[in-house]
Amino acid sequence: MSEIKTHYRTCNICEAMCGLEIRHQDGNILSIKGDADDPFSRGHICPKAVALQDFYNDKDRLKTPIRRTTDGWQAISWDEAFAEIANRFRGIQDAHGKDAVGVYLGNPNAHNFGNAIMLPRFFKALGTNNRYSSASADQLPHHVASNYMLGAGMLIPIPDIDHTDFMLIIGANPIVSNGSLMTAPGVGKRLKAIQQRGGKVVVVDPRRTETARKADQHLFIRPETDALMLLAMVHTLIDEGLVDLGHLAPLIEGYERLGDAVGPYSPERVADACGIAADTLRGLAREMAAANSAVCYSRMGASTQSFGGLCQWLTNVLNILTGNFDSRGGAMFTQPAFDLVRNKKGKPSSYGRYESRVRKLPFFNGEFPVATLADEILTPGDGQIRAMITIAGNPVLSSPDGGSLEKAFESLDFMVSVDIYLNETTRYADIILPATTGLEVSHFDVFFNSFAVRNTAKFSEPLFAKSEDQKHDWEILKELALHLTGLEDDGVTPEMMLDGGLRHGAYADQGMSLEKLKANPHGLDLGPLQPCLEKRLQTEDGRIHIAPPLFVEDLNRLDAFALTETDQGTEYPFSMISRRLPRSHNTWTQNSHRLIKGKNPCTLKINSADAQRLGLEDGQTARVASPTGSIQLPVEIDDDMFEGVVSIPQGWGHNRPQTGMSIAESQPGESINDVTDRQRIDALTGNAAFNGTRVSIQAA
Ligand SMILES: Nc1nc2c(c(=O)[nH]1)N[C@H]1C(S)=C(S)[C@@H](COP(=O)(O)OP(=O)(O)OC[C@H]3O[C@@H](n4cnc5c(=O)[nH]c(N)nc54)[C@H](O)[C@@H]3O)O[C@H]1N2
Ligand SMILES: Nc1nc2c(c(=O)[nH]1)N[C@H]1C(S)=C(S)[C@@H](COP(=O)(O)OP(=O)(O)OC[C@H]3O[C@@H](n4cnc5c(=O)[nH]c(N)nc54)[C@H](O)[C@@H]3O)O[C@H]1N2
Ligand code: SF4
Ligand SMILES: [Mo]
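**Section: the sheet that holds strand β2 (residues 19–25)**
Then step 1. Pairing is antiparallel across the open sheet formed by three strands, whose spatial order is β1-β2-β3. On the outer flanks of this sheet lie β1 (5–10) and β3 (28–34), each paired with one strand and no other. In this sheet, adjacent strand axes meet at a mean angle of 25° when their direction is disregarded.

This is the structure we're talking about:
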């Protein structure tokens, strides 16, 4: 036996960027713990990181390319796979145009620096505009709001959680999710610290969540009425003369337009719709204005709904009007060592550059909304998608009306998946290209270092070398690009491009480079967030557009929908929302025996009064139905649910046939997206509107 070694790296499962300390010997993991010397995460870790060893050792994980044949899956060589894929894609594109090949990118792309850096080359080689990703089932409204207000979709305001005195959390459950568009490892401690320094945490959520339970105040809200709540708060600030623009005053453009727009939304007018008393709404606005520093942070609950764009715009407005934008303890801007925002100034936005063919939905940031991917595959005509490649994504389980994608993928002429598993999506592929993952890859958080609550930088080496026959995601992308174009390999690697970005970035004067990061395996702390917006702003006129006309106009849609909608009708009387679970990440971590054990957590949470009315008992199986479809799952009576609202986990449903995840199949759960509706979107941004899907519930 050789000696025991210790390896330090960043966990790349979720956005929290926890530092890990991994003891290993002869290729075996002895322990995975939080790295106490990581200056950012300071030892924080969650159960999912320990499962990294399960993914590494997983017998079900694909290691060689496979091809679907009438006799089942057959292993093929990489050369054969690349040649066939290039040949088929080119053939289809020659016959039907470039856009006949579609791309779907899943969430792990954002956690994989090789992909972040190599994807543009792959896109260029493929030349299709039919690109889709999980971003339009997630954070798209944040990008559109930043694009219109600040001139760059990637310039996202981040709550300065470590310095704020008042945090209003709308539609986020960071105690379980560990934070999103707020990379803040150990978020529980950071929230507690707000309270310990005399501050206050308020949570607005239709469910009294794990985060709400730790907060000072929790307010139930009717799903999809957050924009009304935010409008009422903005209204109060202006109405009561509480606006203080602080150092940004000279930069604000559109203040009058804002005042006109929010005029009609008094707290009294929206209170009933939201289910929150007018006095409470006024009180919240006053508290935010009075606090030394305050921040409103709204996330998934406020994004994946019919008014996600309005919510993210108004969240920014609230922070700006209370003097809490780009200022300590408010919503601030990270200054990452590798910057995604640089040199965007004056570049026209791609919002609406194209319309999707079938439903005329807006193009943004190189993509169309995933809610219309099935339409683009299933609807015949010029421009129809006839072939697909999915890269690290499982849209059959993760997209609204995922079942429609099963029919769509089945109908394709040709499909490729780059993935680590044979799963609900990849089983439709003709060829699956397996990538390395987790402990086999080097890592730098291109995205999440940009969304972190401190300026930090860290590079992780792979712990285990890949076998000769394995390829990294970025190598697969690069090979595909070379096969598609016939060009020679220029030898460029993600590490070279990262190094270049670091050397020319914000910390160049401190000698920032890949070498420097490699010499600091616990990571580098680059200090707390600092006011920097004037410098980072990318609008052509150098101002902050506080009331972009596109957003103001969208208020008409809100009026038509929310203020007039009273009785929701009796056929689908419940409003369905999703929840995340501490021991799973989206759809793909359920093949870890460490994470999947004990009671089935994929339950329907329902308030006791609602359950009683329906005659449902705890543990009984209920049928949840919408016009899209139905699922059956155990009832969990829970008075942490708002009346009329039910909650189901996202990311489950490993009960489809012919997949290759044996542990996941032992506790499959049901897919909430067999019930959600792909017609429900935020029409402004095209984001999927999962929250508030109307459903019926009855004993199964
Ligand atoms: N109803 C409802 N639906 C939702 C949500 C919700 O809250 N409610 N949440 C939405 C959100 S926020 C998101 S981000 C999406 C996620 O949607 P997706 O990204 O489509 O789903 P994931 O489960 O993240 O899929 C990851 C895929 O990548 C594979 N994979 C894992 N690691 C690697 C790797 O290193 N390399 C490669 N090549 N493949 C890998 C996995 O096997 C899996 O197939 O779901 C969305 N869907
Ligand atoms: N353990 C775990 N952690 C994860 C993930 C995971 O699957 N598991 N996924 C990761 C990913 S991809 C992401 S994007 C992040 C997301 O991280 P978060 O943004 O924290 O997302 P959720 O935990 O889904 O919390 C959304 C909250 O919104 C509430 N909600 C639903 N509808 C509404 C509404 O209309 N209004 C309001 N105000 N609230 C509403 C829900 O009850 C829920 O509590 O989490 C990441 N972290
Ligand atoms: S919180 Fe996220 S980054 Fe931290 S250990 Fe858990 S999964 Fe990994
Ligand atoms: Mo996500």
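Next comes the rest of the write-up.
**Some points on the site of ligand 3**
Then step 1. Neighbouring ligand 3 are the residues Cys11, Ile13, Cys14, Ala16, Met17, Cys18, Ile45, Cys46, Lys48, Ala49 and Asn178.
Then step 2. Classifying every residue of the shell around ligand 3 gives nine nonpolar, one polar and one charged.

**Comments concerning the site of ligand 2**
Then step 1. Surveying the vicinity of ligand 2 reveals 33 residues, the closest of which are Ser177, Asp205, Asp226, Leu581 and Ser584.
Then step 2. Within the backbone of serine 584, an N or O atom sits 2.6 Å from a nitrogen atom of ligand 2.
Then step 3. Relative to its unbound accessible area of 920 Å², ligand 2 is 98% covered by the protein chains.
Then step 4. Listed by contribution, the elements that provide at least two residues to the shell around ligand 2 are α6 (174–177), α13 (300–303) and β21 (574–579).

**Focus on the environment of proline 521**
Then step 1. When you line up the elements, proline 521 lands in the loop between α20 (514–518) and β19 (524–528).
Then step 2. Separated by 350 residues in sequence, proline 521 and glycine 171 place their C-alpha atoms 35 Å apart.
Then step 3. Excluding its chain neighbours within four sequence positions, the residues that come into contact with proline 521 are Tyr8 and Lys458.

**Re the pattern of salt bridges**
Two side chains bearing opposite charge may form a pair once their charged atoms approach each other closely.
Then step 1. Per the counting criterion, the structure on display carries 41 salt bridges.
Then step 2. Between arginine 536 and aspartate 339 there is a salt bridge; the shortest N-O distance is 2.4 Å. With a gap of 197 residues between them, arginine 536 in helix α21 (residues 533–536) and aspartate 339 in the loop between β14 (331–332) and α15 (373–378) connect regions that are remote in the sequence.
Then step 3. A relative accessible area of 10% places arginine 536 in the buried class.
Then step 4. Here aspartate 525 ties to arginine 454 by a salt bridge, and the two come within 2.8 Å at their closest N and O atoms. Highlighted residues: aspartate 525 in strand β19 and arginine 454 in strand β18 (residues 454–457), separated in sequence by 71 residues.
Then step 5. Residue aspartate 525 is classed as partly exposed on the basis of its relative accessible area of 36%.
Then step 6. The structure contains a network of salt bridges with shared partners spanning Asp239, Glu240, Glu268, Arg282 and Arg286.

**Some thoughts on the sheet that holds strand β17 (residues 431–434)**
Then step 1. What the seven strands build is an open sheet, ordered β5-β4-β17-β16-β15-β6-β7; its pairing is mixed. The outermost strands of the open sheet, each flanked by one partner alone, are β5 (72–75) and β7 (131–133). Averaged over all pairs of adjacent strands, the angle between their axes in this sheet comes to 20°, without regard to strand direction.
Then step 2. Contacting β15 (387–391), β16 (414–419) and β17, helix α18 (residues 473–485) runs over the sheet at an angle of about 130° to β17.

**Remarks on empty space enclosed by the protein**
Then step 1. Here the structure, examined in full by the defined rule, presents five cavities of 30 Å³ or more.
Then step 2. Considered as a void within the structure, the largest cavity measures approximately 150 Å³ in volume.
Then step 3. Lining the largest cavity are 16 residues, and of these His142, Pro157, Gln312, Thr315 and Asn316 lie nearest its centre.
Then step 4. Among the secondary structure elements, those contributing two or more residues to the lining of the largest cavity are α5 (140–150), β13 (295–298) and α14 (308–321).
Then step 5. Taken together, the residues of the lining of the largest cavity sort by class into nine nonpolar, seven polar and no charged.

**Structural notes on the state of the cysteines**
Then step 1. One pass over the structure, following the stated rule, counts zero disulfides.
Then step 2. With no disulfide partner, cysteine 311 has as its closest neighbouring cysteine sulfur the one in cysteine 296, 9.3 Å distant.
Then step 3. A disulfide-free cysteine, cysteine 602 has its sulfur positioned 19 Å from the sulfur of cysteine 46, the nearest such atom.

**Focus on the pairing of strand β9 (residues 166–170)**
Then step 1. In terms of burial, β9 is largely enclosed, as five of its five residues are buried.
Then step 2. Inspection of the sheet shows β9 paired to β13 by four bridges, in the parallel sense. Bridge pairing in β13 places methionine 167 opposite valine 295.

**Remarks on the packing of helix α11 (residues 267–274) against helix α12 (residues 278–290)**
Then step 1. Running from N to C, α11 and α12 cross one another at 115°; their axes reach a closest spacing of 8 Å. Taken together, α11 and α12 sit at an angle that is classed as roughly perpendicular. In this structure, α11 crosses over α12, and the sense of that crossing is right-handed. For the pair formed by α11 and α12, the contact residues are Pro267, Glu268, Val270 and Ala271 on the first element and Ala278, Leu281 and Arg282 on the second.
Then step 2. Among the residues forming the contact of α11 with α12, the class breakdown is five nonpolar, no polar and two charged.

**Observations regarding the packing of aromatic side chains**
Then step 1. This structure, assessed with the given rule, holds 18 aromatic pairs.
Then step 2. Taking 5.0 Å as the distance between ring centres and 65° as the angle between the ring planes, the aromatic pair formed by phenylalanine 363 and phenylalanine 368 counts as edge-to-face.
Then step 3. Since its relative accessible area comes to 7%, phenylalanine 368 is described here as buried.
Then step 4. The structure contains a cluster of three or more aromatic residues connected by ring pairs, namely Tyr148, Trp313, Tyr351, Phe364 and Phe551.

Rules behind the numbers
Residues numbered from 1 in each chain as written. Chains lettered and ligands numbered in written order. Predicted model: local features only at pLDDT ≥ 70, side-chain atom pairs only at ≥ 80, totals over all residues. Heavy atoms only, no water. Pairing = 2+ DSSP bridges. Helix = DSSP H or I, 4+ residues; strand = E, 2+ residues; numbered from the N terminus. Axes fitted to C-alpha atoms, helices over the stretch in contact; angles between N-to-C directions. Near = heavy atom within 4 Å. Nonpolar A, V, L, I, M, F, W, Y, C, P; charged D, E, K, R; others polar. Polar contact = N/O pair within 3.5 Å; in protein donor to acceptor, adjacent residues only side chain to side chain. Areas by Shrake-Rupley, 256 points an atom, 1.4 Å probe, with all protein chains shown as cover. Contact = heavy atoms within 4.5 Å. Salt bridge = Lys/Arg side-chain N within 4 Å of Asp/Glu carboxyl O. Buried < 20%, exposed > 50% of the residue type's maximum accessible area, 1.4 Å probe, protein only. 1 Å grid on protein atoms, 1.4 Å probe; cavity = no way out; pocket = protein on both sides within 12 Å on 5 of 7 lines; lining within 4 Å. Points joined across faces, edges and corners; volume = space filled by probe spheres on them. Disulfide = S-S within 2.5 Å. Parallel < 35°, antiparallel > 145°, perpendicular 65-115°, else oblique. Left-handed = near helix turned anticlockwise from the far one by under 90°. Phe/Tyr/Trp six-rings, centres within 6.5 Å; stacked < 30°, edge-to-face > 60°.

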